[in-house]
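Residue-level structure breakdown
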2 protein chains.
Amino acid sequence: MSADCHHEDGSHPGLAGETLRRAIGLAETRCMTSQERLTAPRRRVLELLLESDAPMKAYDLIAAFGQSGEPAKPPTVYRALEFLERLGFAHRIESLNAYVPCRLDGAGHKAAFLICECCGAAEEFEPDFSTQLAAAAARGYAVSGVTLEARGLCPACR
Amino acid sequence: MSADCHHEDGSHPGLAGETLRRAIGLAETRCMTSQERLTAPRRRVLELLLESDAPMKAYDLIAAFGQSGEPAKPPTVYRALEFLERLGFAHRIESLNAYVPCRLDGAGHKAAFLICECCGAAEEFEPDFSTQLAAAAARGYAVSGVTLEARGLCPACR
DNA sequence: GATGTTATGTTATCTCATAACAGAAGTGTT
DNA sequence: AACACTTCTGTTATGAGATAACATAACATC
Ligand SMILES: [Zn+2]
Ligand SMILES: [Zn+2]
Ligand SMILES: [Zn+2]
Ligand SMILES: [Zn+2]
């Protein structure tokens, strides 16, 4: 992300108000059905991710964690992120060391990202890995997970 | 990579002797033709990467840098890695925070990796991103680079 | 309400990476 | 050779990202 990008992102406006509550409620429901608990710190980290319009760094989350400005302790946030990733509520973007809330429906899906080098937006999309999986199979690999992150310019920044 | 993998890797035996010298000589030649200098620290880091049979962490390189056991200073190694990546002699694997020498011919190529979660081997392959690039184009993105890292089990570890 | 399990709080530490600046080495010009 | 210019290196210090370890609390189940 360039320091002096003046373009509007617009791809993922942070959630607020009723929309935010609905997204968290959906996560609640999904937790219920999978016998998992959306505890206070987990809910708080998910909320911070959903409110943001760009990927957040772990220490951004740590700093923003407390309602009145007190930061969280690192393990609090890292544990919450681990939980959210495990349930598919959030994804880590390896090339940014940053985290985003899942923007796609349905749990257990594959994820891939288009990352704008100008405005910092990260758009999630449902990837088709068939070509790469075939290449892996041809080499005798059994693939369990794939990370795909494309860098470039979003429509607004081109 | 599991701590107790007993399988042979075999995918990328570290180079040694004449083979190693030839690989470094090739890098020298490519530097000449692009008006770049393969200086001592750069050559040393490339040598360490080529000698290794698995991805190396930056601080592994730092520790192994000195011929008689003295470590390098971090910036020495990070600068060399930056150079080697820029010229296509090495690649960073984001999901491992580790580095490998390029195993494919030709500079300026795209790279992708198959990473064994058991033995730690990382096999480079030439990816076909046409499907993903089409998906990106459909969203109005102009892609400048793609990271693809697949985790799984190599043939020896399956 | 005793027991086992899962989650949290807390401290400390570890790994990974870069900023900043001084000095050396290469390059080209006069 | 002396100069100016650029690139690379050496060194110190610090910033950024993540986890180990252990004590306590909350939940579940019997
Ligand atoms: Zn998702
Ligand atoms: Zn943009
Ligand atoms: Zn390569
Ligand atoms: Zn393996």
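Structure first, text after, so check above.
The present account deals with the structure reproduced in this document. (Residues numbered from 1 in each chain as written. Chains lettered and ligands numbered in written order. Predicted model: local features only at pLDDT ≥ 70, side-chain atom pairs only at ≥ 80, totals over all residues. Heavy atoms only, no water.)

1. A look at the protein's contact with DNA strand D
The environment of DNA strand D is made up of 18 residues, and the closest members are Tyr59 and Arg92 of chain A together with Thr39, Pro41 and Arg79 of chain B. The side chain of Tyr59 of chain A places a nitrogen or oxygen atom 2.9 Å from a base nitrogen of DNA strand D. Every element with two or more residues in the surface near DNA strand D is listed here: α3 (58-64) and α4 (74-86) of chain A together with α2 (40-51) and α4 (74-86) of chain B. Tallied by class, the residues present in the surface near DNA strand D amount to 8 nonpolar, 2 polar and 8 charged. (Near = heavy atom within 4 Å. Polar contact = N/O pair within 3.5 Å; in protein donor to acceptor, adjacent residues only side chain to side chain. Helix = DSSP H or I, 4+ residues; strand = E, 2+ residues; numbered from the N terminus. Nonpolar A, V, L, I, M, F, W, Y, C, P; charged D, E, K, R; others polar.)

2. What about the pairing of strand β5 (residues 122-125) of chain B?
All names here are of chain B. Judged by which residues are buried, β5 turns out to be covered on both faces: Ala122 and Glu124 on one side and Glu123 and Phe125 on the other are all buried. Bridge count between strand β4 (residues 112-116) and β5: 4 bridges; the pairing is antiparallel. Paired with Leu114 across the strands is Glu123, a residue of β5. Hairpin connection of β4 to β5: 5 residues between the antiparallel strands, including Gly120 at a positive phi of 85°. (Buried < 20%, exposed > 50% of the residue type's maximum accessible area, 1.4 Å probe, protein only. Pairing = 2+ DSSP bridges.)

3. A short note on the side chain of Thr147 of chain A
Inspection of the secondary structure assignment puts Thr147 of chain A in strand β6 (residues 142-153). At 3.1 Å, the side chain of Thr147 of chain A forms a polar contact with the side chain of Arg151 of chain B. Not counting chain neighbours up to four residues away, the residues in contact with Thr147 of chain A comprise Glu94 of chain A together with Thr147, Leu148, Glu149 and Arg151 of chain B. (Contact = heavy atoms within 4.5 Å.)

4. So, the protein's contact with DNA strand C
DNA strand C sits among 19 residues. The nearest are Thr39, Pro41 and Arg79 of chain A together with Lys57 and Arg92 of chain B. For DNA strand C, the fraction of atoms within 4 Å of the protein that belong to sugar or phosphate moieties is 54%. Contact distances for DNA strand C include 2.3 Å between a phosphate oxygen and a side-chain N or O atom of Thr39 of chain A. Side-chain polar atom of Tyr99 of chain B to a phosphate oxygen of DNA strand C: 3.4 Å apart, as the coordinates give it. Of all elements in the fold, only α2 (40-51) and α4 of chain A together with α3 (58-64) and α4 of chain B reach the threshold of two or more residues within the surface near DNA strand C. Residue contributions to the surface near DNA strand C peak at 4 residues, all from α4 of chain B. Considering only residue class, the surface near DNA strand C consists of 8 nonpolar, 3 polar and 8 charged.

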